[in-house]
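Here's the letter readout for the chains.
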Amino acid sequence: MYDSLPLAQARHARPDTARPITAASLRQFSRSSNVARAFGSFGAFGSLGIALCLSASFAMTALVSVDAHAQTRPKAVAQSSQTEFEEEVVPQRYAANPEVDAFINDLVARDGFNRGELQKIFSRVVFSQTAARLVAPPATPGQKNWTKYEKNFLDNTRINGGVRFWNQNAAALSRAAREYGVPEEIIVSIIGVETIYGRNMGNFRTIDALTTLAFDYPPARNRSERMALFRKELENLLLYARERSVDPFSIYGSYAGAIGIPQFMPSSIRNYAVDYSGDGKINLTTDVADAIGSVANFLKQHGWQAGQPVVWNIAGDRGSQGLAEAGADGQPEPHWKLGDFIKAGMLMNEPKLDVGGALDTPVLIVDLPTPGQATQYRMGLTNFYVLTRYNRSFFYAMAVYDLADAIKAARAP
């Protein structure tokens, strides 16, 4: 779960700043929405998150997002590339390296590390050309394609595998749902999207991948900000290894530094991972219960609202879809109120929704474009926003939600 390196960090309006939608604001929205899409809207790429991981949207968007967890690229695709890793290394690149030495000095002063020990570690770290290549943005960015993206995750492998995973771990999932308020199917779906239930966790030595991206990130927009984020993750990896008396060279994960079944970045492991099996240690690589509890805890800590919906469906009439298009500004936080759209004439396709009683609900518009097709729109609520904290991509969060629904339906009697 590599929550995401931002291509453009934007200030997001808080829910309490919602403003009425007027004809003028709709026109402005339409213009800003088009600009956002041309620039790369939040809904189409991962950006840096509060927490965590590199995940599934990277391959489809060819943009990096680093939050706190996983690699933003379908794991099966990334896995096939990772076989080249051991052949493409440059030893001793980080020994007596001025930038690395300055980084070591910072860790000695800030975290109390021993300088000599860190120097020995970095003398053994190798540059990974493959990791650098995989995070590099493409020369010609492709068009965002929701239909193609979703198809990569709503397949029989993940749906049937999700049912098996749920059945095999029903007790831990039920307990996590009860204690953290996160539905079982959401936890299962995230693990399915991230690593196909632990099948594809990555075979990169994490310290090599993070050091490469922290000091030799390929040319890209906001390269310095991305390197700073990876340096923070590298620091967290070293702290994690020290706290748990683990050899940092023994930790493996994705090409972007995401670790284990849920693909947590090191900072997320330190902040959100839990010992859910009760064996006295946290192990996200082989302990499925720890992975389940950690995913649930991560979502709860980021504001998951128990018993509340994730998205609402918008009516398909031309007027409602036009209002959705106008409101699709790419901002990930719920910064409108449902009532703003209802008053402007939007209709909802939610038979059980008490629209009158939900007018003050904070919402956002989720846009899901596919070339050659009409863009799909849904209305996201707070829980949708929480899913984007795992990986800051509308595509990612929507795929998790839809896969969760499919797994739940397939498991039903």
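Residues numbered from 1 in each chain as written. Predicted model: local features only at pLDDT ≥ 70, side-chain atom pairs only at ≥ 80, totals over all residues. Heavy atoms only, no water.

Engineer: Mind laying out the nonpolar core, listing which residues take part and the relevant values?
Structural biologist: By size, the foremost hydrophobic cluster in this structure holds 93 residues, and its most contacted members are F122, I187, I190, F264, L299, F384 and L387. Those residues in contact with F122 that lie beyond four places of it in its chain are Y94, A95, V100, F103, I104, T211, L234 and L238. With 17 residues, the next largest nonpolar core counts I314, L338, Y377 and L381 among its residues. (Core = buried A, V, L, I, M, F, W, Y, C linked by side-chain atoms within 4.5 Å. Buried < 20%, exposed > 50% of the residue type's maximum accessible area, 1.4 Å probe, protein only. Contact = heavy atoms within 4.5 Å.)

Engineer: A description of helix α12 (residues 223-243) should follow, citing residues and the corresponding values.
Structural biologist: In a regular helix each residue adds 1.5 Å, so 21 residues correspond to 30 Å; α12 covers 30 Å between its end C-alpha atoms and thus fits that length. Along α12, the positions that sit buried rather than exposed are R226, M227, F230, E233, L234, E235, N236, L237, L238, L239, Y240 and A241. Contacts from the buried residues of α12 go to α4 (98-111), α5 (115-124), α11 (206-215) and α13 (266-272). Taken from the residues just after α12, S245 is the one with a positive phi, measuring 55 degrees. (Helix = DSSP H or I, 4+ residues; strand = E, 2+ residues; numbered from the N terminus. Expected span 1.5 Å × (residues − 1).)

Engineer: Describe the UniProt feature "active site" (unreviewed entry) in the chain, with residues and values.
Structural biologist: According to UniProt, the feature "active site" (unreviewed entry) maps to E194 in the numbering used here. Looking at the element boundaries, E194 is found in helix α10 (residues 184-195). (UniProt positions renumbered as here; feature names shortened; annotations may be inferred.)

Engineer: Give me the lowdown on the environment of A241, citing residues and values where you can.
Structural biologist: Of note, A241 is situated in helix α12. You can call A241 buried: its relative accessible area is 4%. Residues A241 and P266, 25 residues apart in the sequence, show an inter-C-alpha distance of 9.6 Å. Contact partners of A241, with chain neighbours within four places excluded, come to V246 and P248.

Engineer: Describe the pairing of strand β7 (residues 362-368), listing the residues and the values that go with them.
Structural biologist: Most of β7 is tucked away: six of the seven residues are buried. Across two bridges, strand β6 (residues 336-337) lies against β7 in antiparallel orientation. Counted as the bridge partner of K337 is P362 from β7. Two elements, β7 and strand β8 (residues 376-380), share five bridges in a ladder whose sense is antiparallel. By the bridge assignment for β8, D367 is matched with Y377. (Pairing = 2+ DSSP bridges.)

Engineer: Report on the packing of aromatic side chains, specifying residues and quantitative values.
Structural biologist: Within the structure shown, the criterion is met by 18 aromatic pairs. An angle of 25 degrees between the planes, with centres 6.2 Å apart, marks the rings of W146 and Y149 as stacked. Note that W146 and Y149 are positioned in helix α7 (residues 146-151) at a spacing of three residues, about one turn of the helix. Here the two residues W146 and Y149 agree in accessibility, since each one is buried. Between Y149 and F395 the ring centres are 5.3 Å apart and the planes differ by 55 degrees, which places this aromatic pair in the tilted class. With a gap of 246 residues between them, Y149 in helix α7 and F395 in helix α18 (residues 394-411) connect regions that are remote in the sequence. For F395, a relative accessible area of 1% gives the class buried. An aromatic cluster is defined as three or more aromatic residues linked by ring pairs; in this entry it consists of F264, Y272, F298, Y390 and Y396. Above the face of the F127 ring, R93 is positioned so that its terminal group lies 4.3 Å from the ring centre. One Lys or Arg, R124, reaches over the ring of F249 and ends 3.9 Å from the middle of that ring. (Phe/Tyr/Trp six-rings, centres within 6.5 Å; stacked < 30°, edge-to-face > 60°. Lys NZ or Arg CZ within 6 Å of the ring centre and 35° of its normal.)

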